[in-house]
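Here are the chains, one letter per residue:
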Amino acid sequence: MRFLVDGMLGGLARWLRILGQDVRYDASTKDNELLRIAHEENMVLLTRDDELYRRAIARKIPTALVLGETEEERVAQIASTFGVDLDVNMAETRCPECGSGLKETPKSDVADAVPQASLRLYDRFWKCTKQNCGKVYWVGSHWNRIRQTLEEAKKLAS
Ligand SMILES: [Zn+2]
């Protein structure tokens, strides 16, 4: 399943990418363009805009009106609607910034992109495979917050 996310849901786009979903997000894409892309590329349109949602339904484009006020609620809604697994699998997780795949990369190859303290503390690093992105990720202390959010989403989704 591939998701197309409207400009109001950048946070949700990042979460779905972390969960390994194929997500296209560009805040500047206009409504007509979103409908055209979703239709032509067979993507699920996620929106917070009631009017856009109705237009998608009228064109038989798979869509969901995202209602939650918090990230947890939004992630939970999409997970339960589309059966998205709420556990992070680093082999499948995608770059939250651009949506490309990640590749595990030796520490020596990412030393320039990672703070010294993190290089000392952690041994596994993943790099975005998109050339002009190339962001580096690791399961550091910030990961606790990610887990917390996903645990909360799991409770809401069940
Ligand atoms: Zn990237």
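Residues numbered from 1 in each chain as written. Predicted model: local features only at pLDDT ≥ 70, side-chain atom pairs only at ≥ 80, totals over all residues.

Asker: Would you explain the domain arrangement of the chain in this entry?
Answerer: When the parts of a complex come together, some accessible area is lost, and that lost area is often taken as the interface size. Split into domains, the chain comes out as domain 1 (2-82) and domain 2 (91-138). The C-alpha centroid of domain 2 is placed 27 Å from the C-alpha centroid of domain 1. Across the boundary between the two partners, domain 1 contributes 6 residues, which contact 6 residues of domain 2. In terms of residues, the side of domain 1 that touches domain 2 owes the most to one element, helix α1 (residues 10-18), which gives 3 residues. (Domains from an automatic or database assignment. Contact = placed C-beta atoms within 7 Å. Helix = DSSP H or I, 4+ residues; strand = E, 2+ residues; numbered from the N terminus.)

Asker: What exactly am I supposed to notice about the nonpolar core here?
Answerer: What tends to happen in soluble globular proteins is that the nonpolar side chains get buried as a cluster. Ranked by internal contacts, the top residues of the largest apolar core, which has 28 residues, are F3, L4, V5, L12, L16, L45 and L46. Elements with a minimum of two residues in this core: β1 (2-5), α1, β2 (22-25), α2 (31-41), β3 (44-47), α4 (71-82) and α7 (143-157). The dominant element in this core, judged by the number of residues it contributes, is α1, at 5 residues. If we ignore the near neighbours within four places in the chain, the residues touching F3 are L16, Q21, D22, V23, M43, V44 and L46. Ranked by size, the runner-up nonpolar core spans 6 residues in total, among them C95, L102, F125 and Y137. (Core = buried A, V, L, I, M, F, W, Y, C linked by C-beta atoms within 7 Å. Buried ≥ 20, exposed ≤ 12 C-beta atoms within 10 Å, placed from the backbone.)

Asker: Mind showing me how you'd approach unusual backbone geometry here?
Answerer: Both trends apply: most residues other than glycine have a negative phi, and most peptide bonds are in trans. Positive phi outside glycine occurs at N42, with the angle close to 55°. Structurally, the position occupied by N42 is in the loop between α2 and β3. In this model, K60 sits at a positive phi of 60°, which is unusual for a non-glycine residue. With 8 C-beta atoms counted inside 10 Å, the residue K60 sits in the exposed group.

Asker: For this particular structure, what's the right way to read the environment of C133?
Answerer: For C133, the position within the fold is in the loop between β6 (125-128) and β7 (136-137). Considering only alpha carbons, one finds C133 and C98, 35 residues apart in sequence, at a separation of 7.3 Å. Once you skip the residues sitting within four places of it in the chain, C133 turns out to touch C95, E97, C98, S100 and C128.

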